[in-house]
Each structure stands twice: as structure tokens, then as C-alpha cells.
Amino acid sequence: MGEFELIDRFFKRRTPASGAVALGIGDDCALLRPAPGMQIAISTDMLVEGRHFLPDVDPEHLGHKALAVNLSDLAAMGAEPLGCTLALALPPERARDAGWLTALARGLFALADAHACPLIGGDTTAGPLNLCLTVFGQVPAGQALRRDGAQAGDHIWVSGTLGHARLALGALRGEWTLPPAVLAAARQRLERPTPRLALGRALRGIAHSAIDVSDGLLGDLGHILKASGTGASIDAAAASRLLAAGAALDAETLRTAALAGGDDYELVFTAPPAARAAVLRAGHASATPVSRIGTITAGTGLRLLGADGQPLRQTYASFDHFARS
Ligand SMILES: [Mg+2]
């Protein structure tokens, strides 16, 4: 199958007649028409076989995840999707596998449809399996949730739950075992993450700063602290409670998964104490649980506090995907 035939057969769909896409797949460029007063938000993420996903991954989950991790970046900026492009390198055995490509496209398009994020262009080539998605979004000028806006005294919040993707990965790698029902739920978080787009939009004008958790809570929060020139104190017990494991694993393993496990795709954000009610309303309006886990502090450094309020001695390195596999 040639390059054009492959795109036509699996990835070319009629561009919606209206909306922000003025011209979709089929010309040298797609054309986007952002609404007046909007800034364009752009993010790109590459998923490489063996590093970001296992060779036997379900292709439908892979299509979902490749787009989900990019949409998560739009969510972290408070942006709404306009469209996406896909650059796909395929080894010959995958390029010949119509069932695999159909499932990949199904996973991708289901999530794209759910968030009105049409595929507006892309490229394919022969090579080691590699998916590179780029998303384009829009956000009202000046209202993007950036990493550099945290202020001393801000409360630190996290959406949803933490650590389940790491629990699933550990089980798949044989680091530990999980009861079947727990593993199934955790795998869902690993393989089909939920981009928190509605929450990100609801936090415009409320949150001072935000980032999504791709590499682990503490590491990603560290990016906010560095960009904002602030420190933080984190209630380790409050963060660990966001991992409802349902498995007989030791407390330290669970705490590591919650604080440093990657691939959660939740939002970490900061907001002034006076915005507490507004944050809770934003969570409610977007049907997304939000939990406070700490406070931004003056100066630098991240202090992890135990249940007794005393600093913990352990340090937690951010999880570097499959680097240790
Ligand atoms: Mg991100």
C-alpha cells in the first residue's frame, strides 16, 4: 500500500463544513480560522514503540492515547481544541495490517470526535513505529493557564486521581501483581487517559498556573515552581490519598506511584486561597474531582510534609516512562 492510499483508506475523512477548520486534509496546508480575540495554542507529542508504549499494545488504545496526551496539554493551558495533525512512521508489517490500522484510526477518531478536534493533516512514512500528534487549540488572549503564574500563598490542587497508570505499568512489567479488577481499572488509566479539557477551560480566570501530570506529580509541579520562581510544601498524605489502590502493596510503593508515577494526565494547578469556592465550582461544573494537596511558598524548593507536618526525608524522582525497562 502506498502512502497516499494508506492515508485515503484509514485517515482521510471529510472535514466538517463549519467550525474553525476553513480547509482540511487535501491541500498543501490546512487552514484554521480561530475566533476573534483568541490566541492559537500548539502542542506536539511523540509516542515511540518500546519507550512510550509496549509492542503488543491494543492499537485502538494507542490511537486514543496518542491524541489524549496532546489534548491534555491543551487542557493544561485552558485551551479548547481546533484540530490535529498526525505524522506516522510504520514498519512494513504494520502498513500491511489493515485490522491494526483500522483500530488505530478508530481510537484516534473516537476521541477526536468527542472533543471536536478533527484530523486536518499529516504524513506517513516507512520506519520504526512512531506516532507524532500535533494539536492546535485556541484560548482567549491573555487567559492561558501558564506555568509561570504561581504566587506564594496559592493553594495547590490536583484533578482526579494519581498513580494508577504507574500501578498498571508495574503490574504489566511484573514488578508486582494486582487483583484482576484493580488491574483492569488501572490499565484503563494507563491506556485510555482522560484529557481534562472541561476543567482547564473552567479554570480560566481562576487558576494562577497549571500543568498536566505526564511525568509524575512532583516533577511536573517542579516545572511550575521553576517557571514561577517559587517553592511549595506538599501534604504527602493528601496526595497519596488520591491513589485508591485496592491492592496489598506496601505504603512506600503506593506513595511513590502517587507522587512520582507518570502518565496520569491530571491537571496540577495553583489558585489563591480566596478562589477556593470558585475552584470547587469549576470542578463541579466540569464533573471533575479536585483536591487540595499543598501550598505555594516564597523562596525555592519543594518540601514534602508527612502526616505529622514534619518534612519527609525520601526523595522521589519523576518517572521517565520506559527508560528503566
Ligand atoms: Mg504537558
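All values derive from a computational prediction rather than experimental measurement.

Helix and strand content of the protein: 11 helices and 12 strands. Projected onto its principal axes, the C-alpha coordinates of the protein cover approximately 65 × 50 × 30 Å. Taking as baseline every contact in the protein between residues at least 6 positions apart, the subset at least 24 positions apart corresponds to 84%. For the protein, the accessible surface area stands at approximately 14300 Å², while carbon and sulfur atoms represent 54% of it. Taking the 29 positively charged and 31 negatively charged side chains of the protein as two groups, their mean positions are separated by 6 Å.

As a further point, take the coordination of the magnesium ion. With distances of 2.0 to 2.1 Å, the protein atoms coordinating the magnesium ion are D73 (OD) and D212 (OD). Residue D73 is located in helix α2 (residues 59-76), and its partner D212 is located in strand β8 (residues 209-212); the two are separated by 139 residues in the primary sequence. You'll find D73 and D212 in the same group, each marked buried.

Before going further, it helps to spend a moment on the sheet that holds strand β9 (residues 231-235). Consider a sheet: its strands pair through backbone hydrogen bonds, and that pairing is either parallel or antiparallel. Strand order in the open sheet made by the 6 strands is β8-β10-β7-β11-β9-β12, with mixed pairing throughout. Pairing within the sheet leaves two strands with one partner each, and these edge strands are β8 and β12 (302-305). With direction set aside, neighbouring strand axes in the sheet form an average angle of 25 degrees. Here strand β7 (residues 155-159) pairs with strand β10 (residues 267-271) via 4 bridges, running antiparallel. Bridge pairing links I156 to T270 in β10. Each of β7, β8, β9, β10, β11 (290-297) and β12 is contacted by helix α8 (residues 217-228), which is oriented at about 145 degrees to β8, the strand it contacts most.

Here the protein averages 91 in pLDDT, while 95% of its residues score no lower than 70. Confidence drops under pLDDT 50 across residues 319-325; counting only partners more than four residues distant or on other chains, this segment forms 26 contacts.

For R189, the position within the fold is in helix α6 (residues 180-191). Given the relative accessible area of 18%, R189 is considered buried.

Okay, the nonpolar core next. Among the nonpolar cores identified, the biggest contains 54 residues, and F11, L67 and F269 are the most heavily contacted of them. Sort the elements by how many residues they give to this core and α2 lands first, with 9 residues. Each residue touching F11, except ones within four places of it in the same chain, is listed here: L6, I25, L86, L88, L101, L104, A105, L108, F109 and L119. Counting residues in each nonpolar core, the second largest holds 36 residues, with A236, L243, A247 and L259 among its members.

The subject of this paragraph is the packing of aromatic side chains. Within this structure, the stated rule accounts for 1 aromatic pair. Ring geometry for W157 versus F269: centroids 6.4 Å apart, planes at 5 degrees, classification stacked. Separated by 112 residues along the polypeptide, W157 in strand β7 and F269 in strand β10 bring together distant segments of the chain. An identical accessibility class is assigned to W157 and F269; each is buried.

Conventions we followed
- Residue indices follow the written sequence of each chain, beginning from 1 at its first position.
- This being a predicted model, a pLDDT of at least 70 is required before a residue's local features are given, and a value of 80 or more before pairs of side-chain atoms are given or counted; all residues contribute to the totals for chains, interfaces and linings.
- Working from all heavy atoms in the structure, the side-chain values ignore hydrogens and water.
- Where helices and strands are cited, they refer to DSSP runs of H or I of at least four residues and of E of at least two residues respectively, numbered from the N terminus.
- It only takes one pair of heavy atoms within 4.5 Å for two residues to be counted as in contact.
- Shrake-Rupley sampling with a 1.4 Å probe provides the accessible areas, and residues are treated as covered by the protein chains on show and by no other component.
- Counted as positive: Lys and Arg. Counted as negative: Asp and Glu, with His and the chain ends omitted from the count.
- In this description, the location of a charge corresponds to atom NZ of lysine, CZ of arginine, CG of aspartate or CD of glutamate.
- Sodium, potassium and calcium take a 3.2 Å donor cutoff, other metals 2.8 Å, and in both cases only N, O and S atoms count; water is not among them, so sites may look incomplete.
- The classification of residues rests on relative accessible area computed with a 1.4 Å probe and restricted to protein chains. Under 20% of the type maximum is buried, over 50% is exposed, and intermediate values are partly exposed.
- The rule for pairing is simple: two strands pair if DSSP sees at least two bridges between them.
- The axes used here are C-alpha line fits, helices contributing only the stretch in contact, and every angle between their N-to-C directions lies in the interval 0 to 180 degrees.
- pLDDT gives the predictor's per-residue confidence on a scale running from 0 to 100.
- Buried Ala, Val, Leu, Ile, Met, Phe, Trp, Tyr and Cys residues that are joined via side-chain atoms within 4.5 Å together make up what is termed a nonpolar core.
- Only the six-membered ring of Trp is used, alongside the rings of Phe and Tyr, when aromatic pairs are assigned; centres must lie within 6.5 Å, and planes under 30 degrees apart are stacked while those over 60 apart are edge-to-face, with the rest tilted.

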